[in-house]
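If you want the building blocks of each chain, they are given just below.
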Amino acid sequence: MIEEIISSPDLERYQTSFPSGQTIFLEGDSSQDLFILLSGQLEVLKGDKKIIEIAEKGALFGEMSFLLGARRTATLKAKD
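Attention here is on the structure that accompanies the text. Small disclaimer: the values here were computed from a predicted structure and weren't measured.

So, how was this worked out
- Sequence order as written defines the numbering, with residues in each chain counted from 1.
- Predicted model: local features are reported for residues with pLDDT of at least 70 only, side-chain atom pairs are reported and counted for 80 or more only, and whole-chain, interface and lining totals are derived from all residues.
- In computing side-chain properties, one takes all heavy atoms of the structure into account and sets aside hydrogens as well as water.
- Secondary structure counts use DSSP, requiring at least four H or I residues in a row for a helix and at least two E residues in a row for a strand, with both numbered from the N terminus.
- Here the term buried applies to any residue with accessible area under 20% of the maximum for its type, exposed to any over 50%, and partly exposed to those in between, with areas from a 1.4 Å probe on protein chains only.
- The criterion used for residue contact is that any of the two residues' heavy atoms lie within 4.5 Å.
- The Shrake-Rupley method, run with a 1.4 Å probe, gives the accessible areas here. Residue values count only the displayed protein chains as cover.
- A residue counts as positive if it is Lys or Arg and as negative if it is Asp or Glu; His and the chain ends are not included.
- A single reference atom marks each charge: NZ on Lys, CZ on Arg, CG on Asp, CD on Glu.

1. Here's the deal with the overall build of the protein
Regarding its fold elements, the protein presents two helices and six strands. Reading the protein from its N end, one meets helices and strands in the order α-β-β-β-β-β-α-β. In terms of its C-alpha atoms, the protein occupies a principal-axis envelope of roughly 35 × 30 × 20 Å. The 80 residues of the protein split such that 25% are buried. Long-range contacts, defined here as pairs at least 24 residues apart, represent 67% of the contacts in the protein between residues at least 6 apart. Total accessible area computed for the protein in this model is approximately 5,600 Å², and 52% of it derives from carbon and sulfur atoms. The distance from the centre of the 9 positive side-chain charges to the centre of the 13 negative ones in the protein is 7 Å.

What follows is the structure, given as structure tokens:
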């Protein structure tokens, strides 16, 4: 199902690219956007400590703030 969603031409208008090293959102931000990784790698940080990398095509991120309406619980940066 995720392949069907991410390959939809309707999704193109929502696509955004982030250069390596760019912060996508910061821990504590009040945004509630939900993201789907189409390509590349991301780093998830709590404070200055990297806790995980996300590299799986179709992975969702930002879902906690999206679903709960809460502030971001971590910082997310584009790795490549």
